[in-house]
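# A look at the structure
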Amino acid sequence: MKASLLCSAILILSLGHVLAAEKIKIASLSTITTEIANEVGGGRVDVTGLVKPGVDPHSYEPTPDDLKQVEKSQLVLATGKHMEGYLTKLKESAGAKGDLLQVGDKFPSLHMKAEEGETAGSTNGLVEDPHWWHSVDNMERAAKIVRDELIKISPGDKDYFTANADAYLAKLEELKRWIKIKVAELPRDKRKLVTSHDAFQYFGRDYGFTIYGIEGVSTEDEPSNKKVSDIIDTIKTQHVKAIFFESIENPKVSKAITHESGAAIGGTLYADGLGEGDAATYDGMMRHNVKTIVDALK
Amino acid sequence: MRGSPLIGTAIILALLGLMLIPLRRLTTAQAVSSAPATIVEPSAKATPVHLELESSHAPFSYEISHLGKVIWKGDAMDKDVQSDVAMEFPQEGVDLRIAVSWPDDASREAVKLAVTENDSIVEKTLWGEKKIDDVLTFP
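Cut-offs applied
- Residues numbered from 1 in each chain as written.
- Chains lettered and ligands numbered in written order.
- Predicted model: local features only at pLDDT ≥ 70, side-chain atom pairs only at ≥ 80, totals over all residues.
- Heavy atoms only, no water.
- Helix = DSSP H or I, 4+ residues; strand = E, 2+ residues; numbered from the N terminus.
- Buried < 20%, exposed > 50% of the residue type's maximum accessible area, 1.4 Å probe, protein only.
- Contact = heavy atoms within 4.5 Å.
- Domains from an automatic or database assignment.
- Buried area = accessible area lost by both parts, 1.4 Å probe.
- Salt bridge = Lys/Arg side-chain N within 4 Å of Asp/Glu carboxyl O.
- Polar contact = N/O pair within 3.5 Å; in protein donor to acceptor, adjacent residues only side chain to side chain.
- Phe/Tyr/Trp six-rings, centres within 6.5 Å; stacked < 30°, edge-to-face > 60°.
- Lys NZ or Arg CZ within 6 Å of the ring centre and 35° of its normal.
- Axes fitted to C-alpha atoms, helices over the stretch in contact; angles between N-to-C directions.
- Parallel < 35°, antiparallel > 145°, perpendicular 65-115°, else oblique.
- Left-handed = near helix turned anticlockwise from the far one by under 90°.
- Nonpolar A, V, L, I, M, F, W, Y, C, P; charged D, E, K, R; others polar.
- Pairing = 2+ DSSP bridges.

## Digging into the overall build of chain B
When its secondary structure is counted, chain B shows two helices and eight strands. Going from the N terminus to the C terminus, chain B shows its helices and strands as α-α-β-β-β-β-β-β-β-β. Per-residue burial over chain B gives 29% buried out of 139 residues. Residue pairs in contact within chain B that sit at least 24 positions apart in sequence constitute 58% of those at least 6 positions apart.

Structure (structure tokens):
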């Protein structure tokens, strides 16, 4: 009798251990949300990043393998604000049982003029800028949103997720301070940022830059001749010293503008997510972008 | 031994002619060196600005930078220090980096920076423990 009780106790404890060790499966549709999920979830989550570094999220299309990942995930993370136009289709096709969390939809958006023919998320000729992660404040908001979602899925891990989130938030605060100090090296009247596509509005708002995007909010938008001509005029009249390319784009139009306007090539920025090497982390990506911008425009 | 006065005059004239070459070079070089207006421009745009730093604890060390360059620094024995500097102050405003440190016995402290430019005063405060290194935007 005693032996069978002991066996049962061992079995229950083992089962409990197995259950406790089972990680929360997360499918992430952006390199940004992949980092947040890993940082906050730590060893208690198993994150599959479906959109890899260097992949353009504007033109990404899920593969059959991606659908399988979504299907077996307890949580699907997306950046939201109409960045992932395929989301509804993805949810339906995969028949996912897990929660879909569009992180960016939980906080306010900046809006910009819609390009000709742009309909996704367009209201009164305005579209939401989906590139919210270029504001560190938004990253902090996102980290808290993911933390709360993970606690909802696994309430027993509340302390663990909270501690991880606090450590990540402290790193983001330090990054924010570094950016402020670096940007302060650049006179406010020189904070004019011309980039390949319109992805830096949040950054501009936080640090006093006026943004001129050659293309629209998406990398798939083609600039009209008039827009290119206007940008060249702006560069000349505003005495913009340099313009910037982006890591996952064809810089043909930007190069032509550089040639016409006389502005220098300021360097390559990461606009749509994390990259490789130094830019493989959010901290590294932001430091790379800020350093490239400030040093070129000084 | 005396030479002809005609030859002497010719030699003097030739020497005077030779002296004209370096003179011309000097005057030409002067004109070129004054050309780049950008070197002079920043100081021409600079206006007098009064800075006043008030700390909740003394002594303290401070360093104020503008556009990556230190414009005022020192060690203060009193809680209040002030200085006049000349700096550009465009309409868009200026970002000042403030680095302050207090001795180890200081707890959570605050420092207020007051910037007076063109009779207009703007004050901003930062808080920190033992040290602060942050940026304030004026006005």
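## Details of the domain arrangement of chain A
Reports often express the size of an interface as the amount of accessible area lost when the parts come together. Residues and elements named next belong to chain A. The assigned domain composition of chain A is domain 1 (17-103 + 131-178) and domain 2 (185-297). Here domain 1 and domain 2 have C-alpha centroids that lie 27 Å from each other. When domain 1 packs against domain 2, the two sides together hide about 2,200 Å² of surface, and 57% of this comes from carbon and sulfur. It is His131, His134 and Trp178 in domain 1 that bury the most area against domain 2; as a group they hold 31% of the surface buried on that side. Linking domain 1 with domain 2 are zero salt bridges, by the criterion used here.

## Comments concerning the interface of chain B and chain A
Counting residues at the interface gives twelve residues for chain B, matched by ten residues for chain A. Across the interface of chain B and chain A, roughly 1,000 Å² is buried in total on both sides, 57% from carbon and sulfur atoms. Considering only the side of chain B, the residues that lose the most area to chain A are Leu67, Asp95 and Val135 of chain B, jointly responsible for 45% of the buried surface there. A salt bridge links arginine 177 of chain A to aspartate 133 of chain B; the nearest nitrogen and oxygen atoms lie 3.6 Å apart. Counting the contacts that link chain B with chain A gives five residue pairs in polar contact (both at pLDDT 80 or more). Tallying contributions element by element places strand 8 (residues 131-138) of chain B first for the side of chain B that touches chain A, with four residues.

## Some thoughts on the packing of aromatic side chains
Tallying each qualifying case throughout the model produces eight aromatic pairs over all chains. Seen in terms of ring centroids, phenylalanine 60 of chain B and tyrosine 62 of chain B are 5.8 Å apart; in terms of plane orientation they differ by 45°. Their pairing is tilted. Taking relative accessible area as the criterion, tyrosine 62 of chain B reaches 9% and is therefore assigned buried. Taken together, Phe107, Trp132 and Trp133 of chain A form an aromatic cluster joined through their ring pairs. A cation over a ring is seen here: arginine 287 of chain A above tryptophan 178 of chain A, with NZ or CZ 4.8 Å from the ring centre. Over the aromatic face of phenylalanine 138 of chain B sits the side chain of lysine 124 of chain B, whose NZ or CZ is 5.5 Å from the ring centroid.

## Examining the packing of helix 8 (residues 225-237) of chain A against helix 9 (residues 252-261) of chain A
Residue and element names in this part refer to chain A. With their axes 10 Å apart at the nearest point, helix 8 and helix 9 run at an angle of 45° to one another. The orientation of helix 8 relative to helix 9 falls into the category oblique. Here the hand of the crossing between helix 8 and helix 9 comes out right-handed. Between helix 8 and helix 9, the contacting residues are Val228, Ile231, Ile232, Ile235 and Lys236 on the first element and Val253, Ile257, Glu260 and Ser261 on the second. Looking at the contact of helix 8 with helix 9, its residues break down into six nonpolar, one polar and two charged.

## Some points on the pattern of salt bridges
Residue and element names in this part refer to chain A. This structure, assessed with the given rule, holds 26 salt bridges over all chains. With a shortest N-O distance of 3.3 Å, lysine 176 and glutamate 140 are connected by a salt bridge. Of this pair, lysine 176 sits in helix 6 (residues 158-183) while glutamate 140 sits in helix 5 (residues 136-153); the two residues are 36 residues apart in sequence, bridging distant segments of the chain. For the pair lysine 176 and glutamate 140, one class covers both residues: buried. Note that lysine 298 and aspartate 295 form a salt bridge whose closest N and O atoms lie 4.0 Å from each other. What makes lysine 298 partly exposed here is its relative accessible area of 37%.

## Considering the side chain of lysine 176 of chain A
Residue and element names in this part refer to chain A. For lysine 176, a relative accessible area of 17% puts it in the buried group. Here aspartate 137 takes part through its side chain, which lies 2.7 Å from a polar atom of the side chain of lysine 176. If we ignore the near neighbours within four places in the chain, the residues touching lysine 176 are Val136, Asp137, Glu140 and Tyr207.

## Comments concerning the sheet that holds strand 2 (residues 45-49) of chain A
All names here are of chain A. As summarised here, the arrangement of the four strands in space is 2-1-3-4, forming an open sheet in which the pairing is parallel. The outermost strands of the open sheet, each flanked by one partner alone, are strand 2 and strand 4 (99-102). Averaged over all pairs of adjacent strands, the angle between their axes in this sheet comes to 20°, without regard to strand direction. When strand 1 (residues 24-28) meets strand 3 (residues 75-78), the two strands line up parallel, connected through three bridges. Paired with alanine 27 across the two strands is valine 76, which belongs to strand 3.

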